[in-house]
Amino acid sequence: MASVCFDLMTTKLINIKEVFERLDPAKFSVVMEDALLLMLDSIVNEVAMKYMPKVWSNLPKEVKDEVVVVMNIESDQFLMTFMEEVKEHIDDILDIKQMTVAACVMNKNLVCKIFQECGEKEFIFIRRSGFYFGFLFGLVQMGVYFFYDATWILPVFGFLVGWATNWLALKVIFRPTNPHRCGPFLLHGIFLKRQKEVSETFARVNCVEILHTKAIWETILSGPLSANFFAMLRAHSIVFTEKLVGGMKPFAVAAMGSREFSEMKEEIARKIAENLPVIMPHSYQYTTEALDMENTIREKMQQLSYPEFEGVLHPAFEEDEILLILIGGILGLIAGAIQVLIFYS
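Rules used throughout
Residues numbered from 1 in each chain as written. Predicted model: local features only at pLDDT ≥ 70, side-chain atom pairs only at ≥ 80, totals over all residues. Heavy atoms only, no water. Helix = DSSP H or I, 4+ residues; strand = E, 2+ residues; numbered from the N terminus. Buried < 20%, exposed > 50% of the residue type's maximum accessible area, 1.4 Å probe, protein only. Contact = heavy atoms within 4.5 Å. Salt bridge = Lys/Arg side-chain N within 4 Å of Asp/Glu carboxyl O. Axes fitted to C-alpha atoms, helices over the stretch in contact; angles between N-to-C directions. Left-handed = near helix turned anticlockwise from the far one by under 90°. Expected span 1.5 Å × (residues − 1). Core = buried A, V, L, I, M, F, W, Y, C linked by side-chain atoms within 4.5 Å. 1 Å grid on protein atoms, 1.4 Å probe; cavity = no way out; pocket = protein on both sides within 12 Å on 5 of 7 lines; lining within 4 Å. Points joined across faces, edges and corners; volume = space filled by probe spheres on them.

A. View of the side chain of His-236. With respect to the helices, strands and loops of the structure, His-236 is situated in helix 14 (residues 226–245). Given a relative accessible area of 15%, His-236 falls into the buried group. With sequence-adjacent residues up to four places away left out, His-236 is seen in contact with Phe-78, Thr-81, Phe-82 and Glu-85.

As structure tokens, this is what we get:
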């Protein structure tokens, strides 16, 4: 059921590449700047003290200041170029359908919550329709029973009334799909008439429970495509490290040799790739505002044709539609059997 529903969302409502195009790498870099510089300062100091503790401790302040200046300049460029590639290859590092379905499989109550909130009024209608339709069908049963009072009439008609009541309730919710005028009446499925209202609820619940920024980044960092993300991040980290430690190369090579200098660069790049995800929460607020996922889903959903919109909630009923109708019939049969016990005891 989740897969059917989110097929609609990922094919009709969300183009993840278009959504991520709204991210501005320059603004992303600004909101991450302070956390990134603190992280880089810690990494450079830690690695330098590991590979050349004496040289680093005795390094002139001017040289260390130069490293800090280069770090400030290059860190912005590092993040901007990295985020440009993230935007360009977002389909290679984020499977939005897998993310949504996995979230619902892990927490099955999410699917129930989505359908309960979107179809709240329809579920109320189904409960009340038992009285309205049951009363009308009951009049027919009463007429038949008046002329033919065999004991089997009550349970059989009870089954038919229960079956027909649920069947008709489901039909009224989703049919007719498109508005159809019949004299002074405009006939249209109850659920379909609420497209604007349901779209707002569907977008809000999904973005609060499933498609929020934290979940998106967690999927990028630990989902099935995370290896692609970290390969991309490592490549940018190596380029950044080359620029960062370039000024230290002469005295660093003299102090430790070219081999250990290469190892030091590799470790700095590795630590940047390992620690950048840790500071990613600093970008959540900006990312949420930039992606504007909730408004995107709501607006796209309100623009769907009625047959497409029907696919939002109807799958929740279709998979168990026969069961729902059968339960109505069985409850009617039980009610008829109770009537037989009462009237013929």
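Now that the structure is up, let's keep going.
B. View of the pattern of salt bridges. One pass over the structure, following the stated rule, counts 15 salt bridges. With a closest N to O distance of 2.6 Å, Glu-310 and Arg-175 form a salt bridge. Of this pair, Glu-310 sits in helix 19 (residues 306–310) while Arg-175 sits in the loop between helix 10 (153–174) and strand 1 (180–182), placing them 135 residues apart in sequence. For Glu-310, a relative accessible area of 9% gives the class buried. In this structure Arg-175 comes out as partly exposed when scored by relative accessible area, which is 37%. Across the salt bridge formed by Arg-234 and Glu-266, the nearest N and O atoms sit 2.4 Å from each other. Of this pair, Arg-234 sits in helix 14 while Glu-266 sits in helix 16 (residues 258–279), placing them 32 residues apart in sequence. A relative accessible area of 35% means that Glu-266 is categorised as partly exposed.

C. Structural view of unusual backbone geometry. In this structure, Pro-176 follows Arg-175 across a cis peptide bond, with omega equal to -5°. Its identity as a non-glycine residue notwithstanding, Asp-292 has a phi of 50°, on the positive side.

D. Geometry of the packing of helix 3 (residues 25–51) against helix 16. Interhelical geometry of helix 3 versus helix 16 gives an angle of 150° and a closest axis separation of 10 Å. The element helix 3 and its partner helix 16 pack so that their crossing is right-handed. On helix 16, the residues touching Met-32, Ala-35, Leu-36, Met-39, Leu-40, Ile-43, Glu-46, Val-47, Lys-50 and Tyr-51 of helix 3 are Glu-260, Glu-263, Met-264, Glu-267, Ile-268, Lys-271, Ile-272, Asn-275, Leu-276 and Ile-279.

E. Spatial organisation of the environment of Asn-228. Counting through the fold element by element, Asn-228 comes out in helix 14. Here Asn-228 falls in the partly exposed class, since its relative accessible area comes to 38%. Note: C-alpha distance between Asn-228 and Ser-129 (99 residues apart in sequence) is 53 Å. Residues contacting Asn-228, with those up to four places away along its chain left out, are Asp-92 and Ile-93.

F. How the structure looks around helix 21 (residues 321–344). Helix length check: helix 21, at 24 residues, gives a terminal C-alpha distance of 35 Å against a target of 34 Å (1.5 Å per residue), a fit within 8%. Residues of helix 21 that are buried include every one of Ile-325, Gly-328, Gly-329, Gly-332, Gly-336 and Val-340, and no others. In the core, the buried residues of helix 21 are packed alongside helix 10.

G. Fine view of the nonpolar core. Counting 81 residues, the largest nonpolar core has Phe-82, Leu-94, Phe-229, Leu-276, Met-293 and Ile-297 as the members making the most contacts within it. In terms of residues, this core owes the most to one element, helix 3, which gives 12 residues. Excluding residues within four positions of it along the chain, Phe-82 makes contact with Phe-229, Met-232, Leu-233, His-236 and Leu-276.

H. Local environment of the layout of surface pockets. Approximately 270 Å³ is the volume attributed to the largest pocket. Contributing to the lining of the largest pocket are 15 residues, with Met-99, Ala-103, Met-106, Ala-215 and Thr-219 lying nearest its centre. The set of elements that each furnish at least two residues to the lining of the largest pocket consists of helix 7 (96–106) and helix 13 (213–222). Residue contributions to the lining of the largest pocket peak at 5 residues, all from helix 7.

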